[in-house]
Amino acid sequence: MSRILEISLTDKKIAQLWGADSQLSFTDNSAIIHLESTADSETNLEIIQQSARSLAKMKVSSVSLVGDWSIEAQWFFWQGAYDPKGTLEINFASLTADLAKQLQDRIGVYTWVKQLINQTPEELAPMDLASQAADYISSLAPGAVTCTIISGDDLARQGYVGIHGVGRGSERPPALLEIDYCPAGCAEQIPVAALVGKGITFDTGGYSMKSTLGMLHMKCDMGGAATVTGALALAILNGLQKRVKVYLCCAENLISGHAYKLSDILKYRNGVSVEVVNTDAEGRLVLADGLIDASASKAPIIIDAATLTGAAMTAVGDEYNALFCMNDQLAAQFAAIASAENDQTWRLPITKKHQFKCPSDYADTANSRAVPGGGTGGASNAAGFLSRFVENTDGWMHLDLAACYQPSANSLWSAGAKGRGVRSIAAYLNQL
């Protein structure tokens, strides 16, 4: 019979015998995490997450959190303990009923998001992504959710040139999913917000093909779709009673005789024409269709989320998501919420001038610049491209999900999806 390791927290200094860089000490049946103080500071929470990761790597099977643990401390422990090959069993410490529910709801949503992103590209075709997201949200709010899927050549017939163009090279059809969360009494109201998620279930780069290393982790390129779906799910579980729409733009970016090509021109429903100068800048092409629909919903707030550019990762690293917003007040409001949710976000620049950073001799704009990586300012230029498809840019925010996915395990995270961005978007919805 296996023993359960008891885990407690202390602000007492660790004994030297455990090593100068260690935060964990042990007795026969317990482990103690040594913190700088009892506060839920960023440093302390990181120590807790690192300690949980260390225990997970030790192949500890079961732990019990004992003593005084806050909801945030327990949440960070779970994040460090999570592993796609099997998470250790955790008996959580006592919380009030409301806080215990919050913790379990959060764990449930993040588990779904992580498992979705971690699915193999063979398992998760575009229609699978759409149907799994629709089923999940419907299961949380039966009777309050309507889902519509447009797929395959119907996308072209209805003018969704971006999703269809990017996805037509695959034998598995692209799809647009619209989720309408409409609680009782909301049917006559416009949505308070519309969420748009990039759902590229695998990205080869198309004819602008990625290297083997660059393609290896591209199952995560639907992280934006998973993030906005998870955000709506968490907001619903936290009591959201206002109408919200979600648009998932789902496709595989593959090569075939029917794949879209360099120098193709896509003419969008809002009148903007786009020359394709890089088939690996496909995320912004599918998001454009979703943003047009989100604008048509008349929602005053539009948030899109996407694993969009390597430039964002270069700018902010892999612990922050990059926020783009033309409204200083809105950006500050969202950043404050993200900080309160311990969901690291950093604002990068965007102005109307960024709409013109990808010029074309043949169309209103190109989808990138024909230089490696899209050239300087690539993340801002991509955001500027997206802004062309938003009617009211004062109410629009774009999250470039630099911190969505961990290519290989480190001291804080297992390999795979992290879920960063879900909490901040959910909390924003709940305060509308």
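As a starting point, this report considers the structure included with it. The shown structure was predicted, so the numbers you read here are calculated from the model rather than taken from an experiment.

Rules and cut-offs
- Within any chain, residue numbers begin from 1 and follow the written order of that chain's sequence.
- Where totals are concerned, whole chains, interfaces and linings use all residues; where local detail is concerned, this predicted model gives features only for residues with pLDDT of at least 70, and gives and counts side-chain atom pairs only at 80 or more.
- Each side-chain value is derived from all of the structure's non-hydrogen atoms; neither hydrogens nor water enter the calculation.
- Put simply, DSSP marks the helices as runs of H or I at least four residues long and the strands as runs of E at least two long, and each gets a number from the N terminus on.
- Note on exposure labels: buried denotes an accessible area under 20% of the residue type's maximum, exposed denotes more than 50%, and partly exposed covers the range between, all computed with a 1.4 Å probe on protein chains only.
- For the purpose of counting charges, residues Lys and Arg are taken to be positive, whereas Asp and Glu are taken to be negative. His and the chain ends are not included.
- Salt bridges are counted wherever a side-chain nitrogen of Lys or Arg sits within 4 Å of a carboxyl oxygen of Asp or Glu.
- Two N or O atoms form a polar contact when they lie within 3.5 Å of each other; inside protein one atom must be a possible hydrogen donor and the other a possible acceptor, and for residues adjacent in sequence the pair counts only when both atoms belong to side chains.
- Any pair of residues with heavy atoms lying within 4.5 Å of one another is described as a contacting pair.
- In this analysis, rings of Phe, Tyr and Trp, with Trp reduced to its six-membered ring, are considered paired at centre separations within 6.5 Å, and the interplanar angle assigns stacked below 30 degrees, edge-to-face beyond 60, and tilted for intermediate values.
- The criterion for strand pairing is that DSSP finds at least two bridges linking the strands in question.
- Here, axes are lines fitted to C-alpha atoms. For helices the fit covers the stretch in contact, and angles between N-to-C directions go from 0 to 180 degrees.

**Notes on unusual backbone geometry**
Here is step 1 of the chain: Even without a glycine there, the phi angle at K59 is positive, about 65 degrees.
Here is step 2 of the chain: Looking at the element boundaries, K59 is found in the loop between helix 1 (42-57) and strand 4 (62-65).
Here is step 3 of the chain: For K59, a relative accessible area of 69% gives the class exposed.

**With respect to the side chain of R284**
Here is step 1 of the chain: Within the secondary structure, R284 sits in helix 9 (residues 283-296).
Here is step 2 of the chain: For the buried R284, no salt bridge exists, and the shortest N-O distance to an oppositely charged side chain is 7.3 Å, to D400.
Here is step 3 of the chain: Within the structure, the side chain of R284 is placed 2.8 Å from the backbone oxygen of N367, a separation counted as a polar contact.
Here is step 4 of the chain: For R284, the residues in contact, after removing those within four places along its chain, are L308, T309, N367, S368, A382, F385 and L386.

**Some remarks on the packing of aromatic side chains**
Here is step 1 of the chain: The full count for this structure, using the stated rule, is ten aromatic pairs.
Here is step 2 of the chain: Relative to Y136, the ring of W112 lies with its centre 4.2 Å away and its plane at 10 degrees, an arrangement referred to as stacked. One end of the pair, W112, is in helix 3 (residues 97-118); the other, Y136, is in helix 4 (residues 126-140), with 24 residues separating them in the sequence.
Here is step 3 of the chain: Judged by its relative accessible area of 13%, Y136 is buried.
Here is step 4 of the chain: Taken together through their ring pairs, the aromatic side chains of W75, W78, Y82 and Y110 make up a single cluster.

**Some words on the sheet that holds strand 13 (residues 321-325)**
Sheet strands line up and pair through hydrogen bonds in the backbone, either parallel or antiparallel.
Here is step 1 of the chain: Taken in spatial order, the eight strands of this open sheet run 6-7-9-8-12-16-13-14, and their pairing is mixed. Of all the strands in the sheet, just strand 6 (145-151) and strand 14 (345-347) have a single pairing partner and so form its edges. Geometrically, the sheet is characterised by an average inter-axis angle of 20 degrees between neighbouring strands, direction not taken into account.
Here is step 2 of the chain: Bridging between strand 7 (residues 175-181) and strand 9 (residues 244-253) involves seven bridges; their strand directions are antiparallel. When the sheet's bridge partners are listed, Y181 is paired in strand 9 with V244.

**Re the environment of T307**
Here is step 1 of the chain: If you trace the backbone, T307 turns up in the loop between strand 12 (302-306) and helix 10 (310-316).
Here is step 2 of the chain: Judged by its relative accessible area of 15%, T307 falls in the buried class.
Here is step 3 of the chain: When the C-alpha atoms of T307 and G223 are compared, they prove to be 6.3 Å apart, with 84 residues separating the residues in sequence.
Here is step 4 of the chain: Not counting the four nearest positions on each side in its chain, T307 is found in contact with K198, C220, D221, D400, L401 and C404.

**Things to note about helix 2 (residues 71-81)**
Here is step 1 of the chain: For helix 2, the tally of buried residues reaches eleven of eleven residues, placing the bulk of the element in the interior.
Here is step 2 of the chain: Buried within helix 2 are the following residues: I71, E72, A73, Q74, W75, F76, F77, W78, Q79, G80 and A81.

Honestly, it's all geometry; don't read function into it.
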